[in-house]
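# Residue-level structural notes
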Amino acid sequence: MTIQAASDALVSLNGVNKHYGQLHVLKDINLQVKKGEVVVVIGPSGSGKSTLCRAINRLETIDTGEISIDGKKLPEEGKELALLRADVGMVFQSFNLFAHKTILENVTLGPIKVKKLDKATADKDAMALLERVGVGQQAPKMPAQLSGGQQQRVAIARALAMKPKVMLFDEPTSALDPEMINEVLDVMVQLAKEGMTMIVVTHEMGFARKAADRVVFMADGQIVEDAKPEEFFTNPQSNRAKDFLSKLLTH
Amino acid sequence: MNTLLNNSDLFITGFRNTLILFFFAGIFALILGTIVATLRVSPIPAMRAAATLYINVVRNTPLTLVLFFFALGYPKLGLVEIDFMTAATVGLSLYTATYVAEAVRSGINTVPVGQAEAARAIGLPFTQTLTLVILPQAFRAVIPPMFSVFIALLKNTTVAAGFSVAEAGAIRSNLSERGEPAMAGLLWVALIFVLLVFILSFVQRKLEKKWKVAR
């Protein structure tokens, strides 16, 4: 990786290592994501892809190496880290909508408390976002009253409300019933088309083919392949990736 | 009934003091207990240790000893002078706060870790994650044990009678001085306590209904 390429990266991981006790979950990870790029991270369970995703906004700490976002090194805990996290949207596998707040309040909490927007503006922006992901009708309801697919779309709206520079998706469809997966993927494809920088950990190969600029294949804590989707799916270089893909195709 | 009506002055002063003690000690215990609970889950080891020490020392001390310390021991320390009523409020607050803290802590433990992660991910700092996301859900989860703590506090106010605070628990001895039958006096005091606790339970049911968190 040349210095030139590293400097125009929006998200940049250099020599990142992490252990859970004896287990080496991230092994010398180097990854650069440019503005507007959609990178899909795939790999078998336990390959470290979720940990990688969560390390980018420091929900997981790392042992060595460096992570920077838009040229700024990820700060230690504290006010600065909170500010940086506001620039990084995150969507979780289990939605994690605030259970005691309405759908609308879920989306406006960040803009009001972190961005200090007045309530009227925040409400207006939030309603526009909820309409955009197709759940405007649900605004006054509580999260538990919505289906999983609707909750996940609200979670995307909540992240977008902070106007993030990059969006992280940590297996956003893995907890969903099959018929709800598409309504979430559609929103993500739309987002990708609009030029959002995205890092998506997923098992949805369809999404990877359709929306990804690059596919990163991880196994045993390492990045094994980093290629364009059609290149990766039609002509994987490593045995590990060939093995993984063959297992997907047998069903 | 005559015992109650002929000595209504005693009953009114007694229960007024009980309610004043309950009200102030309740509020202070709620605030202090919540702070101590958050210290117990704080990422800083020294804070956790301090909170744990406070809870273990005060909660394991009989209430009578805590109150006697403030009535008899505290004045000897030569600090700011306080009257018995204030001393009783402080003692009851410090004692009850330990129970509040443990109730709140168990509530914090019921809130899924993903809630805090989501709050941090939208850029909320630690204190706001706690006050806007974690604690509101924690309180909703612990209304029943919390009200048990407050019902205990209401009844514990009678212990303050032991050192010259004329609250409800002191009514009986004052009645015997007036030559009233002790049994009748005791029964009336008990009945009024039952009524007060009944009101608390009613508030508890209302709150439980209003604050039900569906997951």
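Residues numbered from 1 in each chain as written. Chains lettered and ligands numbered in written order. Predicted model: local features only at pLDDT ≥ 70, side-chain atom pairs only at ≥ 80, totals over all residues. Heavy atoms only, no water.

### Observations regarding the packing of aromatic side chains
Inspection of the entire model under this criterion finds 7 aromatic pairs over all chains. Taken together, a centroid distance of 5.2 Å and an interplanar angle of 50° make the contact between F217 of chain A and F244 of chain A tilted. With a gap of 27 residues between them, F217 of chain A in strand β9 (residues 214-219) and F244 of chain A in helix α10 (residues 239-249) connect regions that are remote in the sequence. There is no split in this pair, since F217 of chain A and F244 of chain A are both buried. Ring geometry for F69 of chain B and F70 of chain B: centres 5.1 Å apart, planes at 85°, overall edge-to-face. Classification of F70 of chain B by relative accessible area gives buried; the value is 11%. Three or more aromatic residues link up through ring pairs in this structure, and these residues are F217, F232, F233 and F244 of chain A. The lysine or arginine in question, R158 of chain A, covers the ring of F98 of chain A, its NZ or CZ lying 4.6 Å from the ring centre. (Phe/Tyr/Trp six-rings, centres within 6.5 Å; stacked < 30°, edge-to-face > 60°. Helix = DSSP H or I, 4+ residues; strand = E, 2+ residues; numbered from the N terminus. Buried < 20%, exposed > 50% of the residue type's maximum accessible area, 1.4 Å probe, protein only. Lys NZ or Arg CZ within 6 Å of the ring centre and 35° of its normal.)

### Quick look at the sheet that holds strand β7 (residues 166-170) of chain A
Residue and element names in this part refer to chain A. A sheet is described by the order of its strands in space; here 6 strands give the open sequence β6-β7-β8-β3-β9-β10, paired in mixed fashion. Taken across any chain shown, the strands that pair with only one partner, and hence form the sheet edges, are β6 (88-91) and β10 (222-227). Geometrically, the sheet is characterised by an average inter-axis angle of 15° between neighbouring strands, direction not taken into account. Where β9 meets β10, 5 bridges bridge the pair, whose relative direction is antiparallel. Its bridge partner lying in β10, A219 is registered against Q222. Its contacts with the sheet place helix α2 (residues 49-56) against β3 (38-42), β6, β7, β8 (197-201) and β9, and it is angled at close to 150° to β7. (Pairing = 2+ DSSP bridges. Axes fitted to C-alpha atoms, helices over the stretch in contact; angles between N-to-C directions. Contact = heavy atoms within 4.5 Å.)

### Quick notes on helix α7 (residues 178-193) of chain A
Residue and element names in this part refer to chain A. For α7, spanning 16 residues, the distance from its first C-alpha to its last is 23 Å, which sits close to the expected 22 Å at 1.5 Å a residue. Every buried residue belonging to α7 is among M180, I181, V184, L185, V187, M188, V189, L191 and A192, and all of these are buried. Looking at the buried side of α7, the elements it contacts are β3, α5 (119-132), α6 (148-160), β7, β8 and α8 (205-211). Looking at the residues trailing α7, positive phi occurs at G195, about 95°. (Expected span 1.5 Å × (residues − 1).)

### Regarding the sheet that holds strand β2 (residues 23-34) of chain A
The strand order β2-β1-β4-β5 (chain A) describes an open sheet built from 4 strands, whose pairing is antiparallel. One side of each edge strand has no neighbouring strand; the edge strands of this open sheet are β2 and β5 (72-73) of chain A.

### Looking at the interface of chain A and chain B
Tallying the contact residues gives 24 residues for chain A and 20 residues for chain B. Summing both sides of the interface, chain A and chain B together bury roughly 1800 Å²; the carbon and sulfur share of this comes to 64%. Contact with chain B buries surface across chain A, with F98, A99 and H100 of chain A losing the most and accounting together for 29% of the total. At the junction of chain A and chain B, the tally comes to 1 salt bridge. The closest approach of N and O atoms between E117 of chain B and R54 of chain A, which form a salt bridge, is 2.6 Å. The interface formed by chain A and chain B includes 6 residue pairs in polar contact (both at pLDDT 80 or more). Of all elements in the fold, only α3 (79-86), β6 and α4 (103-113) of chain A reach the threshold of two or more residues within the side of chain A that touches chain B. A class-by-class count of the residues in the side of chain A that touches chain B yields 13 nonpolar, 4 polar and 7 charged. (Buried area = accessible area lost by both parts, 1.4 Å probe. Salt bridge = Lys/Arg side-chain N within 4 Å of Asp/Glu carboxyl O. Polar contact = N/O pair within 3.5 Å; in protein donor to acceptor, adjacent residues only side chain to side chain. Nonpolar A, V, L, I, M, F, W, Y, C, P; charged D, E, K, R; others polar.)

### Here's the deal with the nonpolar core
In this structure, L13, V41 and L52 of chain A together with F11, L124 and V133 of chain B are the most contacted members of the largest nonpolar core, which totals 94 residues. Among the elements that make up this core, the one with the highest residue count is helix α5 (residues 84-110) of chain B (10 residues). With sequence-adjacent residues up to four places away left out, L124 of chain B is seen in contact with A82, L109, K113 and V114 of chain A together with A119, T129, L132 and V133 of chain B. Ranked by size, the runner-up nonpolar core spans 52 residues in total, among them I103, V133, A161 and L176 of chain A. (Core = buried A, V, L, I, M, F, W, Y, C linked by side-chain atoms within 4.5 Å.)

### A short note on the confidence of the model for chain A
Fine structural detail should not be taken from predicted coordinates in areas where pLDDT scores are low. With 96% of its residues at a pLDDT of 70 or more, chain A shows a mean pLDDT of 91. Confidence drops under a pLDDT of 50 for residues 1-6 of chain A, and excluding neighbours within four residues, the segment shows 3 contacts in the predicted structure. (pLDDT = per-residue confidence, 0-100.)

### Quick look at the layout of surface pockets
All names here are of chain B. The calculated volume of the largest pocket comes to roughly 570 Å³. It is helix α7 (residues 126-141) that contributes the most residues to the lining of the largest pocket, 5 residues altogether. Among the residues making up the lining of the largest pocket, the classes are represented as 14 nonpolar, 4 polar and 5 charged. Approximately 310 Å³ is the volume attributed to the second largest pocket. Every residue lining the second largest pocket is counted, 14 residues in all, and those nearest its centre are L30, M146, F147, F150 and L207. At the level of secondary structure, the elements contributing two or more residues to the lining of the second largest pocket comprise α2 (8-40), α8 (143-156) and α10 (182-210). Broken down by element, the residue count for the lining of the second largest pocket peaks at 5 residues, all from α2. Looking at the lining of the second largest pocket, its residues break down into 13 nonpolar, 1 polar and no charged. (1 Å grid on protein atoms, 1.4 Å probe; cavity = no way out; pocket = protein on both sides within 12 Å on 5 of 7 lines; lining within 4 Å. Points joined across faces, edges and corners; volume = space filled by probe spheres on them.)

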